[in-house]
Amino acid sequence: MGTNVGAVAVTAAGAIIASPAVLAGVVFRNSHATNAGVFRIYDNTSAATGTVLFVASLAAGAHVHHTYPGLGVQASKGLFLEITGSATVEGSVQIA
């Protein structure tokens, strides 16, 4: 029997979900026209600290689609997105 996965839309840095969750996948596009950036998801709810669960460096207009194998990655606190540089994001995070 499979695990149900839901998607949470992401349009800016900050808290994605403020409770324990399983990170099943990520779909991000750097929607900025000229600036690159680094996208990090932490096991945390309110700050860019804690265990890094995902990281990608994206050029302007680039995208990433990553699915975790098996049941995903457990986040015991929640999920927080940090974006460094002047990049902007559109996409979603899949949570099981």
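Residues numbered from 1 in each chain as written. Predicted model: local features only at pLDDT ≥ 70, side-chain atom pairs only at ≥ 80, totals over all residues. Heavy atoms only, no water.

Peer 1: Tell me about the overall build of the protein chain, residues and numbers included.
Peer 2: Along its length, the protein chain carries zero helices and nine strands. When the helices and strands of the protein chain are listed from N to C terminus, the series reads β-β-β-β-β-β-β-β-β. Computed over C-alpha atoms, the radius of gyration of the protein chain comes to 13 Å, within 12% of the 12 Å expected from 2.2 N^0.38 for 96 residues, which places it in the range of a compact globule. Referenced to the eigenvectors of the C-alpha coordinate spread, the extents of the protein chain come out at roughly 45 × 25 × 20 Å. In the protein chain, which comprises 96 residues, the share counted as buried stands at 38%. A separation threshold of at least 6 residues defines the contact pool for the protein chain, and within that pool the share at least 24 residues apart is 78%. Counting every atom, the protein chain has about 5,000 Å² of accessible surface; 56% of that belongs to carbon and sulfur. (Helix = DSSP H or I, 4+ residues; strand = E, 2+ residues; numbered from the N terminus. Rg over C-alpha atoms; globule rule 2.2 N^0.38 Å. Buried < 20%, exposed > 50% of the residue type's maximum accessible area, 1.4 Å probe, protein only. Contact = heavy atoms within 4.5 Å. Areas by Shrake-Rupley, 256 points an atom, 1.4 Å probe, with all protein chains shown as cover.)

Peer 1: Hey, could you go over the packing of aromatic side chains for me, with residue numbers and the actual values?
Peer 2: Per the stated rule, a full pass over the model turns up two aromatic pairs. The interplanar angle of 35° and the centroid separation of 5.8 Å between the aromatic rings of F28 and F39 together place this pair among those described as tilted. You can see F28 sitting in strand β3 (residues 21-30) and its partner F39 sitting in strand β4 (residues 37-43), a full 11 residues away along the chain. No difference in accessibility class separates F28 from F39, as the two residues are buried. Where F28 meets F54, the ring centres are 6.1 Å apart and the plane angle is 75°; that geometry is what we call edge-to-face. Of this pair, F28 sits in strand β3 while F54 sits in strand β5 (residues 52-58), and the two are 26 residues apart along the sequence. An aromatic cluster is defined as three or more aromatic residues linked by ring pairs; in this entry it consists of F28, F39 and F54. (Phe/Tyr/Trp six-rings, centres within 6.5 Å; stacked < 30°, edge-to-face > 60°.)

Peer 1: Residue-level account of the sheet that holds strand β8 (residues 79-85), with values.
Peer 2: Read from one edge to the other, the open sheet built from four strands follows the order β2-β8-β4-β5, with strand pairing classed as antiparallel. Only two strands of the sheet have a single partner each, and these edge strands are β2 (14-17) and β5. Averaged over neighbouring strand pairs, the angle between their axes works out to 20° when direction is ignored. With seven bridges joining them, β4 and β8 adopt antiparallel strand pairing. Counted as the bridge partner of D43 is L79 from β8. (Pairing = 2+ DSSP bridges. Axes fitted to C-alpha atoms, helices over the stretch in contact; angles between N-to-C directions.)

Peer 1: Requested: an account of the environment of A47, with residues and values cited.
Peer 2: Relative to the elements of secondary structure, A47 occurs in the loop between β4 and β5. The exposure class of A47 is partly exposed, given its relative accessible area of 29%. Sequence separation of A47 and G70 is 23 residues, and the distance between their C-alpha atoms is 28 Å.

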